[in-house]
Amino acid sequence: MRLYAKGRVLGYQRAKHNVKEHTSLLQIEGLRTAEDTDFYLGKRVAYVYKAKRIIDGSRIRVIWGRVTRSHGTNGVVRAKFRHNLPPKSFGASIRIMLYPSRV
């Protein structure tokens with residue numbers, strides 16, 4: 001049983017010229033409306049990737065973040081990460097953990 005929902009990194013929040021690297025846009029699988037996103041607000045997000053150098057016996061690294069609010073009307077959410085996501089993460093898959101619970 002999976003304890004997370006799948007999603008994709010769409011990019012940074014931006015306008016025509018201004019880019020806000022501290023806020024990332026995420027598309028969560030199965031969400032199509034802004035009302036669908038309410039369940040995921042406050043949930044933790046993990047961007048898991050592989051690095052070249054082994055640290056503590058593993059090449060796997062994680063950047064943690066949190067879903068902050070919805071973005072638009074098509075089920076996209078905004079998230080803030082402890083360290084800004086690198087541009088190479090655009091289009092990559094992410095994990096939306098199903099905790100903490102707000103029920």
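Remember, predicted model here, so these are calculated numbers, not experimental data. (Residues numbered from 1 in each chain as written. Predicted model: local features only at pLDDT ≥ 70, side-chain atom pairs only at ≥ 80, totals over all residues. Heavy atoms only, no water.)

1. Here we look at the overall build of the protein chain
Here is step 1: From N to C terminus, the protein chain includes zero helices and six strands.
Here is step 2: Seen in sequence order, the protein chain has helices and strands lined up from the N terminus as β-β-β-β-β-β.
Here is step 3: Rg of the C-alpha trace for the protein chain: 14 Å, near the compact-globule value of 13 Å for 103 residues, within the 12% margin.
Here is step 4: Along the first, second and third principal axes, the C-alpha set of the protein chain runs to 40 × 40 × 20 Å.
Here is step 5: Every one of the 103 residues in the protein chain was classed for burial, and the buried ones make up 35%.
Here is step 6: Sequence separation of 24 or more characterises 59% of the internal contacts of the protein chain that already satisfy a separation of 6 or more.
Here is step 7: Total accessible area on the protein chain stands at roughly 6900 Å², and carbon and sulfur atoms take up 51% of it.
Here is step 8: Separation of charge centres in the protein chain, based on 22 positive and 6 negative side chains, amounts to 8 Å. (Helix = DSSP H or I, 4+ residues; strand = E, 2+ residues; numbered from the N terminus. Rg over C-alpha atoms; globule rule 2.2 N^0.38 Å. Buried < 20%, exposed > 50% of the residue type's maximum accessible area, 1.4 Å probe, protein only. Contact = heavy atoms within 4.5 Å. Areas by Shrake-Rupley, 256 points an atom, 1.4 Å probe, with all protein chains shown as cover. Lys, Arg positive; Asp, Glu negative; His and termini not counted. Charge placed at Lys NZ, Arg CZ, Asp CG, Glu CD.)

2. As for the nonpolar core
Here is step 1: Judged by nonpolar contacts, the single largest core of 16 residues is most densely connected at Leu 26, Ile 28, Val 45, Phe 81, Ile 94 and Ile 96.
Here is step 2: At the level of elements, strand 1 (4-14), strand 2 (19-28), strand 3 (44-55), strand 4 (58-71), strand 5 (76-81) and strand 6 (93-97) are the ones that each hand at least two residues to this core.
Here is step 3: Considering each element in turn, this core owes the most residues, three residues, to strand 5.
Here is step 4: Among residues more than four places away in sequence, those in contact with Ile 96 are Tyr 4, Ala 5, Lys 6, Gly 7, Ile 28, Tyr 40, Lys 43, Arg 44 and Val 45. (Core = buried A, V, L, I, M, F, W, Y, C linked by side-chain atoms within 4.5 Å.)

3. A short note on the pairing of strand 3
Here is step 1: Summarising the sheet, strand 3 and strand 4 pair through eight bridges and their orientation is antiparallel. Bridge assignment links Val 45 to a residue of strand 4, and that residue is Gly 65.
Here is step 2: The turn linking strand 3 back onto strand 4 is made up of two residues, and Asp 56 within it adopts a positive phi angle of 55 degrees.
Here is step 3: Sheet topology places strand 3 next to strand 6; two bridges connect them, and they run antiparallel. Bridged to Val 45 within strand 6 is Ile 96. (Pairing = 2+ DSSP bridges.)

4. Some details on the sheet that holds strand 6
Here is step 1: Taken in spatial order, the six strands line up as 1-2-5-4-3-6 and close into a barrel, and their pairing is antiparallel. Taking the axes of each pair of neighbouring strands and ignoring which way they run, one obtains an average angle of 45 degrees across the sheet.
Here is step 2: Looking at chain direction, strand 1 and strand 2 are connected through seven bridges and run antiparallel. By the bridge assignment, Gln 13 is partnered in strand 2 with Lys 20. (Axes fitted to C-alpha atoms, helices over the stretch in contact; angles between N-to-C directions.)

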